[in-house]
Amino acid sequence: MSWRRRERRERKPALIVRLVERWGWRPGRGMREVLEWLEVLVVAAGLAALIMTFVTVRMHVPTGSMIPTIDPKDSFFVDRLTYYFRNPKPGDIVVFRHTEQVFVGSVVDDSAAARAGVPVGVRLATLTATSNGSMKSESVYTTAFIDRQIAKWTDGASLALIAADGKRYDLGKKTAAIQSLADLGIKTREQRMRYVKRLIAVGGQTVQIVDGAVHVDGKKLDGTQFARYYYSNDARFRFGVEKTLVPPGMYFVLGDNSRDSFDSRFWGFVDDKDIIGVPYLRVWPLSRIGGM
């Protein structure tokens, strides 16, 4: 018994206590206990931050875009380690960062945007190009998406920006030197959030939706992951309706409930650097708890 008491008395104080003592402060017994608990809490918070950054993260899906695989309001954990050991492959359910809204971050002096009076902070909604009485209109889903559309438009077309508040800003004529929003003097700021979709095709593959089925490199995708009808009849769809080549380092994704999914058909591709991980454990609702 005396040996145990001596061992308890000789136990080293917590690191934080030793540090403050080295600085010349000798805390009393009560304060030592407070400092020891503070150290425990700091270490726990640090470990939690490391786990949430590099190992797992919890999220939920607010929409029905992944029904029946994931229901609205389902809450689940995402494995962030899997793709350190293998590459994403078609059929995977993937969580990634995606642009939700695009804002004007800054405007270059004496640029087309500055002359049009485009204000900093306004949310971008639509960009139009009018040529020979015909107008093309594109939603500003992401900066990369609208830059691709600007590059395709005919030189000489009249460009106009429509903000989310409905105000219109005339940006002048399209020229060969104008290939992006940056060339118009608009530097964007994107608001992003986590999305979850099913990976359909990877960089270097072609993808096309034909009669409700997805074809990758000309072959219909088989398997329970793809046993559903994929819609391709919306005029807003820009990708996958015709044969689409997925750029290197990019992915083409679709929602399992494709009639109600905002996915690659609208805005294009997911960059490899934006992939977060794979859902692996559903924790809510209680009736659906289990692996995914």
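It should be noted that the structure appears before, not after, this text.
Residues numbered from 1 in each chain as written. Predicted model: local features only at pLDDT ≥ 70, side-chain atom pairs only at ≥ 80, totals over all residues. Heavy atoms only, no water.

Draft legend 1. Structural context of the overall build of the protein chain. Counting its regular elements, the protein chain contains seven helices and 16 strands. Buried residues in the protein chain amount to 40% of all 292 residues. Once local pairs closer than 6 in sequence are excluded, the contacts in the protein chain between residues at least 24 apart make up 62%. Carbon and sulfur atoms provide 55% of the accessible area of the protein chain, an area that totals close to 16500 Å². (Helix = DSSP H or I, 4+ residues; strand = E, 2+ residues; numbered from the N terminus. Buried < 20%, exposed > 50% of the residue type's maximum accessible area, 1.4 Å probe, protein only. Contact = heavy atoms within 4.5 Å. Areas by Shrake-Rupley, 256 points an atom, 1.4 Å probe, with all protein chains shown as cover.)

Draft legend 2. Structural detail: the pairing of strand β4 (residues 124-131). As paired elements, β4 and strand β6 (residues 158-163) share six bridges and run antiparallel to each other. Paired with Thr126 across the bridge in β6 is Ile162. In sequence, β4 turns back onto strand β5 (residues 134-139) through a hairpin of two residues, with Asn132 there showing a positive phi of about 55°. (Pairing = 2+ DSSP bridges.)

Draft legend 3. Main features of the pattern of salt bridges. This model, assessed by the stated rule, comprises 15 salt bridges. Notably, a salt bridge pairs Asp234 with Arg236, separated by 2.8 Å at the nearest N-O pair. For Arg236, a relative accessible area of 48% puts it in the partly exposed group. Asp274 serves as the salt-bridge partner of Lys273, at 3.7 Å between the closest nitrogen and oxygen. Through salt bridges with shared partners, a single network forms among Asp71, Asp74, Arg282 and Arg288. (Salt bridge = Lys/Arg side-chain N within 4 Å of Asp/Glu carboxyl O.)

Draft legend 4. Up close: the packing of aromatic side chains. One pass over the full model with this rule turns up twelve aromatic pairs. Look at Phe237 and Phe266: their rings are 5.0 Å apart centre to centre, the planes differ by 85°, and that puts the pair in the edge-to-face class. With Phe237 in the loop between β11 (219-220) and β12 (244-245) and Phe266 in helix α7 (residues 264-267), this residue pair connects regions lying 29 residues apart in the sequence. Exposure remark for Phe237: the relative accessible area of 10% places this residue in the buried category. Accessibility expressed as a relative area gives 6% for Phe266, which makes it buried. Both rings, one in Phe252 and one in Phe269, keep their centres 6.5 Å apart while their planes meet at 55°; by these two values the pair is tilted. A residue pair is termed long-range when its members are at least 10 positions apart, and Phe252 in strand β13 (residues 250-254) and Phe269 in the loop between α7 and β14 (270-271) qualify at 17 residues. Members of the aromatic cluster, joined through ring pairs, are Phe96, Tyr141, Phe145, Tyr195, Phe237, Phe239, Phe252, Phe262, Phe266, Trp267 and Phe269. The ring of Phe103 has Arg189 lying over it, and the distance from NZ or CZ to the ring centre is 4.6 Å. (Phe/Tyr/Trp six-rings, centres within 6.5 Å; stacked < 30°, edge-to-face > 60°. Lys NZ or Arg CZ within 6 Å of the ring centre and 35° of its normal.)

Draft legend 5. Inspection of the sheet that holds strand β10 (residues 213-216) at higher detail. Pairing is antiparallel across the open sheet formed by four strands, whose spatial order is β11-β10-β9-β12. Looking along the sheet, the strands with just one partner apiece sit at the ends: β11 and β12. Where strand β9 (residues 206-210) lies against β10, four bridges are found, and the strand directions are antiparallel. From the neighbouring strand, Ile209 faces β10, where its bridge partner is Val214.

Draft legend 6. Molecular detail of the sheet that holds β6. Taken in spatial order, the four strands make up an open sheet running β5-β4-β6-β7, and their pairing is antiparallel. Two strands lie at the open edges of the sheet, namely β5 and β7 (168-173), each paired on one side alone. For this sheet the average axis-to-axis angle between neighbouring strands, irrespective of direction, equals 20°. Strand direction decides the pairing type here: β4 and β5, joined by six bridges, are antiparallel. Looking at β5, one finds that Leu127 is bridged to Glu138. (Axes fitted to C-alpha atoms, helices over the stretch in contact; angles between N-to-C directions.)

Draft legend 7. Broad picture of the environment of Ala213. Position of Ala213 among the secondary structure elements: in strand β10. The spatial distance from the C-alpha of Ala213 to the C-alpha of Ala227 is 8.5 Å, given a sequence separation of 14 residues. For Ala213, the residues in contact, after removing those within four places along its chain, are Gln208 and Lys220.

Draft legend 8. Region of the structure containing the nonpolar core. One finds Phe96, Ile200, Val207, Val214 and Phe252 to be the most contacted residues of the largest nonpolar core, which totals 30 residues. Those elements that provide at least two residues to this core are β3 (93-107), β8 (186-202), β9, β10, β13, α7 and β15 (275-284). Among the elements that take part in this core, β8 stands out by supplying five residues, more than any other. Apart from the residues within four sequence positions on either side, Phe96 is in contact with Met193, Arg194, Tyr195, Val196, Lys197, Val253, Trp267, Val270, Asp274, Ile275 and Ile276. Ranked by size, the runner-up nonpolar core spans 24 residues in total, among them Ile146, Ile150, Trp153 and Leu184. (Core = buried A, V, L, I, M, F, W, Y, C linked by side-chain atoms within 4.5 Å.)

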